Amino acid sequence: MSELVELTGVSKFYGNIRALEDVSLQVGAGEITCVLGDNGAGKSTLIKIIAGLHRHDAGTFRIEGEEVALDSPRDALDRGIATVYQDLAVVPLMPVWRNFFLGSEPTKGRGPFSRLDVDAMRRTTHSALLRMGIDLRDVDQPIGTLSGGERQCVAIARAVHFGAKVLVLDEPTAALGVKQSGVVLKYVAAARDAGLGVVLITHNPHHAYLVGDRFVLLKRGTMAASHVKEGLELEELTRQMAGGSELEQLSHELGRTGPGADSGSPEAEGPGGS
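Cut-offs used in this document
Residues numbered from 1 in each chain as written. Predicted model: local features only at pLDDT ≥ 70, side-chain atom pairs only at ≥ 80, totals over all residues. Heavy atoms only, no water. Helix = DSSP H or I, 4+ residues; strand = E, 2+ residues; numbered from the N terminus. Buried < 20%, exposed > 50% of the residue type's maximum accessible area, 1.4 Å probe, protein only. Contact = heavy atoms within 4.5 Å. Core = buried A, V, L, I, M, F, W, Y, C linked by side-chain atoms within 4.5 Å. Phe/Tyr/Trp six-rings, centres within 6.5 Å; stacked < 30°, edge-to-face > 60°. Lys NZ or Arg CZ within 6 Å of the ring centre and 35° of its normal. Pairing = 2+ DSSP bridges.

**Here we look at the overall build of the chain**
- When helices and strands are counted, the chain shows 10 helices and 12 strands.
- Each of the 274 residues in the chain was classed as buried or not, and the buried ones make up 41%.
- Intrachain contacts of the chain at a sequence separation of at least 6 include 66% that bridge at least 24 residues.

**Considerations on the side chain of Asp170**
- Note on placement: Asp170 falls in strand β9 (residues 166-170).
- Excluding residues within four positions of it along the chain, Asp170 makes contact with Ile47, Val84, Tyr85, Gln86 and Ile201.

**Looking at the nonpolar core**
- Ranked by internal contacts, the top residues of the largest apolar core, which has 45 residues, are Leu129, Leu167 and Phe215.
- Looking at this core element by element, the count peaks at six residues for helix α5 (residues 148-161).
- Residues in contact with Leu129, not counting those within four places in the same chain, are Val96, Phe100, Ile134, Leu136, Val139, Val154 and Ala157.
- Formed by 26 residues, the second largest nonpolar core is a distinct cluster that contains Leu25, Val35, Ile49 and Ile50.

**Looking at the packing of aromatic side chains**
- Counted according to the given criterion, the structure contains four aromatic pairs.
- Measuring from ring centre to ring centre gives 6.2 Å for Phe100 and Phe162, while their planes differ by 40°; the resulting arrangement is tilted. You can see Phe100 sitting in helix α3 (residues 96-100) and its partner Phe162 sitting in the loop between α5 and β9, a full 62 residues away along the chain.
- On the accessibility criterion, Phe162 (37% relative accessible area) is partly exposed.
- Through pairs of rings, three or more aromatic residues link up here, namely Phe100, Phe101 and Phe162.
- The residue whose ring lies beneath Lys229 is Tyr209, and the NZ or CZ to ring-centre distance is 4.6 Å.

**Quick notes on the pairing of strand β3 (residues 31-36)**
- Counting buried positions along β3 gives five out of six residues, so the element sits mostly inside the fold.
- Here six bridges tie β3 to strand β10 (residues 197-202), and the two strands are oriented parallel to one another. Following the sheet pairing, Val35 is matched in β10 by Ile201.
- Strand direction decides the pairing type here: β3 and strand β11 (residues 214-219), joined by four bridges, are parallel. Looking at the pairing, Val35 lines up with Val216 of β11.

Here you go:
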């Protein structure tokens, strides 16, 4: 069985700037692949390639075994890839149901008598959220009144409802506290359990380890490591994410510097010591 999404040796260049080089990842149905890295690691470029915003310059990109070069986000959506960005594309003052169907509103009636089928959108939104375990009391409330975690969950439920096979999540817990992050991760796992393949972009190894099946670590546009969860400890993932050897070197350097670090130095003895 082929992977839902498979990137092999993918690279992206902007002129002479290397944004991504020789990166590979796979995500299968009912799996979560976590992509970890600090700012500037290449995570955003990777998202844009998978989401159809940018074409890759080298390597292969396959969706369900077919090699592709996506032309647009619509092209990605038509192939079952839905991307939920950190800055959610919602209209805060519009009700939850209207945001749920934004751009895909069903209508009733014909010609000049055509109008939005508001009742159907309300019912569908409520039932779709309920299937994901999200019980909103009132889908008429403005989506801006929901917490950040709840808005992320609505976006995940929307992608599932509209038939996504692959869900790409851009730092969904970055701006959230511990409790709200837990809520979002619960619904990420629910999407996985519904049979979707999930690509979770994050800089938090603890969140990744809680839900991830595979892990890809990016560093300055290249792959630093790739792991499956079996046999991988959180401590090792965290150490690699933090740049273990670099931290050890920094710790060593900091341990040797600072005021009074070397009491035998002329500086430590004061003006009269020389």
